[in-house]
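Coordinate analysis (summary)
Chain residues, written in single-letter form:
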Amino acid sequence: MSKLALSKEILLSVDKPARYIGHEVNAVIKDPKDKIRFAMCFPDLYEIGMSHLGIQILYDMLNSFEDVWCERVYSVWTDLFAIMKEKKIPLFALESQDNIGDFDFLGITLQYEMCYTNILQVLDLSGIPFYATDRGEDDPIVICGGPCAYNPEPVADFFDLVYIGEGETSYRLLIDLFKEHKMYKTTRCDFLKKAGNIPGIYAPQFYCVSYNDDGTIKSFDASTGMPSVIRKEIVGSLTDTYYPTKPVVPYIKATQDRAVLEIQRGCIRGCRFCQAGSVYKPIRKRDEKKLEQIAKEMIKNTGYDEISLSSLSSSDYPELEQICNFLIDEFSDRHVNISLPSLRVDAFSLDVMKKVQDVKKSVITFAPEAGSQRMRNVINKGLTIDDILNGCRQAFLGGWTRVKLYFMLGLPYETEEDMEAIATLSNEIAKLYYDLIPKEERKGKVSIVSSTSFFVPKPFTPFQWAKMNTMDEFRYKAHVVNEAMRRQLNFKSIKYNWHAADVSVLEGVFARGDRRLSKVLVRAYEKGCIFDAWTETFRYEPWQEAFEETGVDPAFYYNRERDTKEILPWDFIDTGVTKDFLIREYINAKNEKVTPNCRQKCSGCGAARYGVGECHES
Amino acid sequence: MKVRIRFSKTGALVYIGHLDVMRYFQKLFVRSGIPVAYSEGFSPHQLLSFTPPLPLGMESTGEYADVVLTNSITTKEAIMHLRKHSVDGIYISSFRALPEKCENAMAAVKAASYSVKFCKKPSEDINMLISGLLSKEAMMVTKKSKKSERMINIRPLIHELTYEDDTVNMMISSGSIDNIKPELVINALFEASQKSYTSQDLLIKRIDQYTLIEDKLISLDLIGSNIDG
């Protein structure tokens, strides 16, 4: 009989008990004897966490170490959370169903700011003190990583260690150091200090931040023996590294219910709003032959009926045509669907899509991000109106009738004309359809769905100094776009959606926050904030109270333009891309000056210092 | 060619719902290299049929899936591959070729057998209660569904009812026409003492499922034959 941490009574009283039982295909079970026990956590619901490739890579890598048993843990949904709190049931890992509090490591991935209260839920249910400095010798070492770790400061107090960069490189060193610490029974403090000297690993408690009267940072000082700069870790070759060819297959439908093939990491494009494009530089591709082998193994080992390419911009993968043709030849008569997200819409991609999808059902997607060319120059989005209209023209002639457009509102230097251009661009695409396709050949109306999200400035982008809009400004801007939409000739063919402004503002606070925000997070959690990324559970009022009660002004963090000389909370991290380059780009943005992509011309961002990837090869 | 697979669902797997079990088998067939046939059309799916859903939380040793194959594969080979690629809680016990024009698993089921244990052993003489119930010609009970409540006579729907080693064993009607739950029979037994049991108070296990052939209830597992090399 397999061991379960929760009783039958509890499992049958909660929604989707399969979230909590483990035992999935390809889940790794080991003999716990003499193993370093690592609990890897995605602090959101099972269905979300199970869809994440990064965790799958780390799970595969850590379990490939004979002396480590890595297990998974996710946030528990509100129904089970209430039961576990009431009955004082500790949080457990899925594989062994053992308590997280008894593990050696608890690793938490930070994928988005709005999961920060969920981190506290995980610690709370595991019986681990929130603040790293309150933890005892026997508590697990709590470590985080992922994109939000590029500014770990708002949550730095909760972590013993922060891993900056790609996880494939330094975990072995960390495990070895931990084993040494266990063997020689050194103190936790001593271990953490040594760990903080491993490449890419930051131990926040050995750094001291002081502030000026105006609230800005006065100094950020490392204790003796600790590095003053943490350089992000990256994998040199994506071809010769870990890749999970036997990923865990969930029983219930995960958000990404398919095999995922990561074709490259990094991006050649320099969109000025995009953090991923900056922190994952330089671009590195995985060898096409290697991908073919991985794809075959993954399908064989999982039985998935769908495989998807993953990268920031698949169209920039040099052997895209080969890998697409391979997938079609290998899988199309074996009933494996092929999904190709983030492809530029052109003759090639439309041809591929025709082969792998039902044209009637599929949607053509563009992310112009801004409505006007002027604004696209500001953000350095190298997509022109001609690219969009040519793509749409070919798509409409090929039988497609549905177009999705993604935009941002609240970008720096945005004017009312730029906002209205979102509506005129949407209209122009609809008009193109009606001009192009004769009445008798049309199958109903063309459908244009335009969505706007609110721009949140992120660390390590040229807009890291920019002032973010207030909630009222955002709402006004959405209103401007909505009104402009209604004035369009083809407005009946266009649907306009916009995001909630309150969540965006919170995201803005935590994205560029500092250590003084940890107490806000604790207070908000105490007030019941949890699953803030979910519309059904998000409430803004308790957050407002939490800011007021802790005396923290959110506007200081999001609604303020920073001087480029100001010490930023994340300045101690070196991502390869230099501050000088970011300042240059911030100025270029203001001057509406386009910077060529990495393949057109090197702009000297600094990432070439890593000596890997395309910067190195070309 | 169509085959019928018998499997058990135990341990942690009892918390996996019916639709997820179907999805599990779709992937299991691919991993095991079973030559499953797909439907035509733009979104083809495996030609697959299951016996009626097992309630969440209930174990079973008698679940069935019928599947159409494009090529033949021996029973021995198929079982070996399926077991190798399955998880602990889903155990494949048979793989048999079905005769032509055989009802699919879902439609074929007319009865199911269950074993029922009590979480708290009742003080009543259960053998007495059983003979009392079986001696009646009619036993009217209220059957509640999500939408309605109605009186039905369950006596003709009870085909076997015994008590041994603290366990009630029963074979009762199941499937699309006359479907009753084992809890309903247990509550009918205790009607006089006005006790009411829910699935939480009982440990119920589905043992097997049966079809009706020439007025006889026959295990779904006995239809068809093994495939030899």
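The structure reproduced in this document is the subject of the present report. Predicted model only: the values in this text are computed from it and were never measured.

In this section: the overall build of chain A. A count of helices and strands for chain A gives 21 helices and 19 strands. Here the C-alpha radius of gyration of chain A, 25 Å, is about what a compact globule of 618 residues would show, namely 25 Å. Based on the C-alpha atoms only, the size of chain A along its principal axes is roughly 75 × 65 × 55 Å. Buried residues in chain A amount to 61% of all 618 residues. A sequence separation of at least 24 residues applies to 77% of the contacts in chain A between residues at least 6 apart. With an accessible surface of roughly 24,500 Å², chain A has 50% of that area assigned to carbon and sulfur atoms. Side-chain charges in chain A split into 79 positive and 89 negative, and the spacing between the mean points of these groups amounts to 3 Å.

Residue and element names in this part refer to chain A. Pairing is parallel in the open sheet, where four strands are placed in the order E15-E16-E17-E18. Because the sheet does not close on itself, it has two edges, and the strands there are strand E15 (364-369) and strand E18 (494-498). Across the sheet, the mean angle separating the axes of adjacent strands is 20° when strand polarity is ignored. The sheet contact formed by strand E17 (residues 447-454) and E18 spans five bridges and is parallel. Bridge pairing in E18 links Val449 to Lys495.

Looking now at the interface of chain A and chain B. Often, the extent of an interface is quoted as the loss of accessible area upon association of its parts. In this complex, chain A contributes 29 residues to the contact, which on the side of chain B involves 22 residues. Both sides together, the interface formed by chain A and chain B hides about 2,200 Å², and carbon and sulfur atoms give 65% of it. Linking Asp257(A) and Arg23(B) is a salt bridge whose minimum nitrogen-to-oxygen distance equals 2.9 Å. At the boundary of chain A with chain B, the tally comes to four residue pairs in polar contact (both at pLDDT 80 or more). Elements represented by at least two residues in the side of chain A that touches chain B include exactly helix H1 (8-13) and helix H9 (288-302) of chain A.

Residues and elements named next belong to chain A. Using the criterion set out here, one finds 57 salt bridges over all chains in the structure. In this structure, Lys285 engages Glu319 in a salt bridge whose closest nitrogen and oxygen atoms are separated by 2.6 Å. Within this pair, whereas Lys285 is found in strand E12 (residues 284-285), its partner Glu319 is found in the loop between strand E13 (306-310) and helix H10 (320-331), the two being separated by 34 residues in sequence. Given the relative accessible area of 33%, Lys285 is considered partly exposed. On the basis of relative accessible area, Glu319 is assigned to the buried category, the value being 18%. Among the charged side chains, a network of salt bridges with common partners joins Glu166, Glu168, Glu262, Arg265, Arg284 and Arg286.

This next bit is on helix H7 (residues 188-195) of chain A. Residue and element names in this part refer to chain A. Residues Arg188, Phe191, Leu192 and Ala195 constitute the buried set of H7. One side of H7 carries all its buried residues, which in axial view fall inside an arc of 95°. Buried residues belonging to H7 abut strand E3 (105-109), strand E4 (141-145), strand E5 (161-163), helix H6 (171-183) and strand E6 (201-202).

Let us now look at the environment of Ala370(A). Structurally, Ala370(A) is set in the loop between E15 and helix H12 (373-378). Sequence-wise, Ala370(A) and Leu383(A) are 13 residues apart; in three dimensions their C-alpha atoms are separated by 9.8 Å.

On inspection of all chains with the given rule, the structure shows 42 aromatic pairs over all chains. Between Phe7(B) and Phe25(B), the ring centres sit 4.5 Å apart and the planes meet at 50°, which makes this aromatic pair tilted. On the criterion of sequence distance, the pair formed by Phe7(B) in strand E1 (residues 2-9) and Phe25(B) in helix H1 (residues 18-32) is long-range, its members being 18 residues apart. For Phe7(B), a relative accessible area of 2% puts it in the buried group. The exposure class assigned to Phe25(B) is buried, which follows from its relative accessible area of 0%. Taken together, the aromatic side chains of Phe38(A), Phe105(A), Tyr163(A), Tyr171(A), Phe178(A) and Phe191(A) make up a single cluster linked through ring pairs. The cationic tip of Arg231(A) hangs over the ring face of Tyr610(A); the distance from NZ or CZ to the ring centre is 4.3 Å.

How each quantity is defined
- Residues numbered from 1 in each chain as written.
- Chains lettered and ligands numbered in written order.
- Predicted model: local features only at pLDDT ≥ 70, side-chain atom pairs only at ≥ 80, totals over all residues.
- Heavy atoms only, no water.
- Helix = DSSP H or I, 4+ residues; strand = E, 2+ residues; numbered from the N terminus.
- Rg over C-alpha atoms; globule rule 2.2 N^0.38 Å.
- Buried < 20%, exposed > 50% of the residue type's maximum accessible area, 1.4 Å probe, protein only.
- Contact = heavy atoms within 4.5 Å.
- Areas by Shrake-Rupley, 256 points an atom, 1.4 Å probe, with all protein chains shown as cover.
- Lys, Arg positive; Asp, Glu negative; His and termini not counted.
- Charge placed at Lys NZ, Arg CZ, Asp CG, Glu CD.
- Pairing = 2+ DSSP bridges.
- Axes fitted to C-alpha atoms, helices over the stretch in contact; angles between N-to-C directions.
- Buried area = accessible area lost by both parts, 1.4 Å probe.
- Salt bridge = Lys/Arg side-chain N within 4 Å of Asp/Glu carboxyl O.
- Polar contact = N/O pair within 3.5 Å; in protein donor to acceptor, adjacent residues only side chain to side chain.
- Arc of directions from axis to C-beta.
- Phe/Tyr/Trp six-rings, centres within 6.5 Å; stacked < 30°, edge-to-face > 60°.
- Lys NZ or Arg CZ within 6 Å of the ring centre and 35° of its normal.

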